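Structure assessment
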Amino acid sequence: HWETGVDKAFIRLLAEAYLEVTNNQQSDNIIFEEELLDGYIARTNKNASADATIDFGLNQEGEPWTKKAVQNNNKKYIGINTNNLTINNDIVNRIVNQLNESNAKSLNIAGMGIYNMLSVTQQQIDNYVYELLNAVLNSPNLATKIEIIRTGGQTGFDEAGAKAGVKLGIPTKILAPKGWTFRVSEKQFNDIYKPLGVQGKKVKNDYDISDKSLFID
């Protein structure tokens, strides 16, 4: 679904970028699931049950609602400030050390949607998250191998985390909100989805779209 409007099916986007998968909800490396409860919170809480969460915040290290969900699950929270999408040894070593502290085998990738990241593109976020996770998960100092990556089925860092997991050969689960809902900016909705006849629900300055075909084509 996402920035281009052409490769709107998430599974096809992943396939084109990284590997050949079948057009259903499960392949060897990626699983799509729909949350049964309404809203975004239930999905966030379930993803936050991973051993550790890396949360990419806007103008701050992570976002408060994700941090609260992780803490409620008594899991490791790792907040990252996305103001400067650069990778250095300090960031990599900090994440590795925090993963080691929790002996993490499962990792949740959370963060801002592309509609909030006005100064960068989805491709830039994809590249950043892949390079960061590649450095962290292949670090010789990482004590425990990550066996599964989870994301919440949104644009921005959720999408980038899923792509990175597949590219790194790690089983990846996307838990989408009920109705396969994802959020886009008003401009994205008017420019991309409305002309296609897609219905959306206005939420403040954005739109929520609930359409399974835009997740799985």
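Quick note: structure is the one above.
The structure reproduced in this document is the subject of the present report. Worth saying up front: this structure is predicted, and the values here are computed from it rather than measured.

What counts and what doesn't
Residues numbered from 1 in each chain as written. Predicted model: local features only at pLDDT ≥ 70, side-chain atom pairs only at ≥ 80, totals over all residues. Heavy atoms only, no water. Pairing = 2+ DSSP bridges. Helix = DSSP H or I, 4+ residues; strand = E, 2+ residues; numbered from the N terminus. Axes fitted to C-alpha atoms, helices over the stretch in contact; angles between N-to-C directions. Contact = heavy atoms within 4.5 Å. Parallel < 35°, antiparallel > 145°, perpendicular 65-115°, else oblique. Left-handed = near helix turned anticlockwise from the far one by under 90°. Salt bridge = Lys/Arg side-chain N within 4 Å of Asp/Glu carboxyl O. Buried < 20%, exposed > 50% of the residue type's maximum accessible area, 1.4 Å probe, protein only. Phe/Tyr/Trp six-rings, centres within 6.5 Å; stacked < 30°, edge-to-face > 60°.

What follows concerns the sheet that holds strand β6 (residues 172-176). With parallel pairing, six strands are arranged side by side in an open sheet as β1-β6-β5-β4-β2-β3. Each of the sheet's edge strands pairs with one partner strand only, and the pair in question is β1 (30-34) and β3 (76-81). Taking each pair of neighbouring strands and ignoring which way they run, the sheet shows an average axis angle of 20°. Against the sheet, helix α5 (residues 122-137) engages β2 (52-57), β3, β4 (106-111) and β5 (148-151), with an angle of about 145° to β2.

A few words now on the sheet that holds strand β9 (residues 206-210). Pairing within the open sheet is antiparallel, and its three strands lie in the order β7-β9-β8. Looking at the sheet topology across the chains shown, the edges are occupied by β7 (181-185) and β8 (201-203). Geometrically, the sheet is characterised by an average inter-axis angle of 35° between neighbouring strands, direction not taken into account. In the sheet, β7 pairs with β9 via five bridges, with the strands oriented antiparallel. Residue pairing across strands places Arg183 opposite Asp208, the latter belonging to β9. Lying over the sheet, helix α7 (residues 186-193) contacts β7, β8 and β9, oriented at roughly 100° with respect to β7.

Turning our eyes to something else, we now look at the packing of α5 against helix α6 (residues 157-167). Axis angle and axis distance: for two packed helices, these are the angle between their axes and the distance between the axes, and together they describe the pair. Interaxial distance between α5 and α6 falls to 8 Å at its minimum, and their mutual angle equals 50°. It follows that α5 is oblique to α6 by the angle criterion. When you trace α5 past α6, the crossing you get is right-handed. Along its contact with α5, which presents Gln122, Ile125, Asp126, Tyr128, Val129, Tyr130 and Leu133, the element α6 presents Phe157, Glu159, Ala160, Gly161, Lys163, Ala164 and Lys167.

On to the pattern of salt bridges. Opposite charge on two side chains makes pairing possible when the charged atoms of those side chains draw close. Evaluation of the coordinates by the stated rule reveals 10 salt bridges. Linking Asp38 and Lys178 is a salt bridge whose minimum nitrogen-to-oxygen distance equals 3.6 Å. Here Asp38 is found in the loop between β1 and α2 (41-47), whereas its partner Lys178 is found in the loop between β6 and β7, with 140 residues between them in sequence. On the basis of relative accessible area, Lys178 is assigned to the partly exposed category, the value being 39%. A salt bridge links Asp126 to Lys163, with the shortest nitrogen-to-oxygen separation between them at 2.5 Å. On the criterion of sequence distance, the pair formed by Asp126 in helix α5 and Lys163 in helix α6 is long-range, its members being 37 residues apart. Several salt bridges share partner residues, and in doing so they unite Asp126, Glu159 and Lys163 into one network.

Below, the discussion takes up the packing of aromatic side chains. Applying the stated criterion to the full structure yields four aromatic pairs. Judged by centre distance (6.0 Å) and plane angle (75°), the ring pair of Phe56 and Tyr128 falls under edge-to-face. Of the two residues, Phe56 sits in strand β2 while Tyr128 sits in helix α5, which places them 72 residues apart along the sequence. This pair shows no difference in class: Phe56 is buried, exactly as Tyr128 is. Taking the centre distance of 4.1 Å and the plane angle of 10° together, the rings of Phe189 and Tyr207 count as stacked. Taken together, the residues span a long stretch of sequence, with Phe189 in helix α7 and Tyr207 in strand β9 at a distance of 18 residues.

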